Number of protein chains: 2
Amino acid sequence: MRKGELTRQAILDEAVRMARYSGLSGLTIGSLAAAADMSKSGVYAHFKSKEALQLACMERNSEQFIDEVIRPALAKPRGVTRLQAIVEYWMRWYSHPGGCLFLAAAAEFDDMTGPLHDQMVADQRGLLDSIARVASTAVSEGEFTGDTDLFQVAQEVLGILLSYNWMSRILTYPDAAERAWAAFNRLVDSHRI
Amino acid sequence: MRKGELTRQAILDEAVRMARYSGLSGLTIGSLAAAADMSKSGVYAHFKSKEALQLACMERNSEQFIDEVIRPALAKPRGVTRLQAIVEYWMRWYSHPGGCLFLAAAAEFDDMTGPLHDQMVADQRGLLDSIARVASTAVSEGEFTGDTDLFQVAQEVLGILLSYNWMSRILTYPDAAERAWAAFNRLVDSHRI
DNA sequence: GCAAAACTAGCACGATCGTGCTGAAAAATC
DNA sequence: GATTTTTCAGCACGATCGTGCTAGTTTTGC
């Protein structure tokens, strides 16, 4: 009853950690069991199927993202300050060992049907909405012009984040962060009142 | 001698097509053989290992990218026109059934060691250099200021492309292309002399 | 046309995958 | 402390994976 939920969370944390490296498809119950010092069936019993395990991983990952990116950003003052904060925390999120599970899931499930694909799309939509929502506070605070296209801002910020991830994680360019901030500042200035 | 190379290419084309959907790790020799109407060992004989098959897929994919994106762009006049062209062809490249194999490979091999990872990094570096090289023609043609940071441009163009891919392919936002061009125009204007 | 080379189907191997049953150990409830 | 429920290891299953050998067919070079 309580012990079960505890080990389930422990398994899930380990699963998310492993999935960041190998992806959710590359994650196998056998290796997960070994990492969690349990038997294969012991792990399996907590999730009635592999798909359920993968979905649980995505859910856990989203929780961690909220904890590490969304909530800290919301603690900052509304407006450009908060927009800058979410980008900063987001860039830190990308530097997790193994990378970003959202990105891995998107690459794995984009051409697929079923619950995994649907959950992935919902997650991605949530990420984009988060940016747009924070950007909207810059409008309501009078920092951005009233006719600002929030999803234009969201798409461009996402682009800055994605290319930063590419440059720093894959190509290991040391100037990636600096250039990302240059792009961000130019974007913000173009919408300033 | 000649027949062998022919079927090898046919297998490879089919393999790349499949890998766009499932990734290079998800690609299995069994399903590839079925799609190519051959026996498993018949396919396997052309590539002495699965890793060699995957590497050959990456090579074939790069050739196709050159044919469909790089070469057509180089046929355009140097400068902003060519930069705009490479973005346009690149966006079309992303709309291939199954998506972009460069992106899939990057997600699969980023945290890995070995030839597959190395080839992927080399490919990605090549993609970025392509953008920077085209951007440099805008400088030499006198359209961009002389102090333009070419890799700043490259990183931002890559961001526009990546976020376009995300928005259109995963989230199926219809305005993704329009917004990508808006971002592109703003970027170009900021570097115009 | 013939000999040599290249190509590919058949088959089998060890390994690993997800899944599921069964029973013992542990924990929770009273 | 007894009992009921939960938790988990052992084990086995069918399927599929990559790999490789062996023979026979097809294609090539002369």
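Everything quoted here is computed from the prediction, not taken from an experiment. (Residues numbered from 1 in each chain as written. Chains lettered and ligands numbered in written order. Predicted model: local features only at pLDDT ≥ 70, side-chain atom pairs only at ≥ 80, totals over all residues. Heavy atoms only, no water.)

Concerning the pattern of salt bridges
Residues and elements named next belong to chain A. The full count for this structure, using the stated rule, is 22 salt bridges over all chains. In this structure, the salt-bridge partner of Arg192 is Asp189, at a minimum N-O distance of 3.3 Å. One network of salt bridges, with partners in common, ties together Asp13, Arg60 and Glu63. (Salt bridge = Lys/Arg side-chain N within 4 Å of Asp/Glu carboxyl O.)

Points about the environment of Met91(B)
Residue and element names in this part refer to chain B. Checked against the element boundaries, Met91 lands in helix H5 (residues 80–94). Judged by relative accessible area, which is 7%, Met91 ranks as buried. Each C-alpha atom of the pair Met91 and Thr7 lies 30 Å from the other, and the pair is 84 residues apart in sequence. With residues near it in sequence (within four places) discarded, Met91 still touches Leu161, Tyr164, Ala177, Ala180 and Trp181. (Helix = DSSP H or I, 4+ residues; strand = E, 2+ residues; numbered from the N terminus. Buried < 20%, exposed > 50% of the residue type's maximum accessible area, 1.4 Å probe, protein only. Contact = heavy atoms within 4.5 Å.)

Some remarks on the interface of chain B and chain A
In this complex, chain B contributes 39 residues to the contact, which on the side of chain A involves 39 residues. Carbon and sulfur atoms make up 57% of the surface buried where chain B meets chain A, a total of about 3500 Å² over both sides. Where chain B packs against chain A, one counts 6 salt bridges. The salt bridge involving Arg169(B) is made with Asp111(A); its shortest N-O contact spans 3.2 Å. If you look at where chain B meets chain A, you find 15 residue pairs in polar contact (both at pLDDT 80 or more). Counting only elements with at least two residues in the side of chain B that touches chain A, the list comes to helix H1 (3–26), helix H6 (101–109), helix H7 (115–140), helix H8 (150–170) and helix H9 (176–191) of chain B. It is H8(B) that provides the largest number of residues to the side of chain B that touches chain A, a total of 13 residues. The residue makeup of the side of chain B that touches chain A, split by class, is 21 nonpolar, 8 polar and 10 charged. (Buried area = accessible area lost by both parts, 1.4 Å probe. Polar contact = N/O pair within 3.5 Å; in protein donor to acceptor, adjacent residues only side chain to side chain. Nonpolar A, V, L, I, M, F, W, Y, C, P; charged D, E, K, R; others polar.)

Considering the confidence of the model for chain A
A residue-level look at chain A finds 98% of positions with pLDDT of 70 or above and a mean pLDDT of 95. Within chain A, helix H1 (residues 2–26) of chain A has the poorest average pLDDT of any element, 90, and helix H5 (residues 80–94) of chain A the best, 98. (pLDDT = per-residue confidence, 0-100.)

Section: the side chain of Arg20(B)
Structurally, Arg20(B) can be placed in helix H1. At 5.6 Å, Glu68(B) is the nearest oppositely charged side chain to Arg20(B), a buried residue that forms no salt bridge. Engagement of the side chain of Arg20(B) in a polar contact is seen with the side chain of Gln64(B), the distance being 2.7 Å. With near-sequence residues (within four places) excluded, Arg20(B) lies in contact with Asp111(A), Asn61(B), Gln64(B), Trp93(B), His96(B), Pro97(B), Gly98(B), Gly99(B) and Leu101(B). (Lys, Arg positive; Asp, Glu negative; His and termini not counted.)

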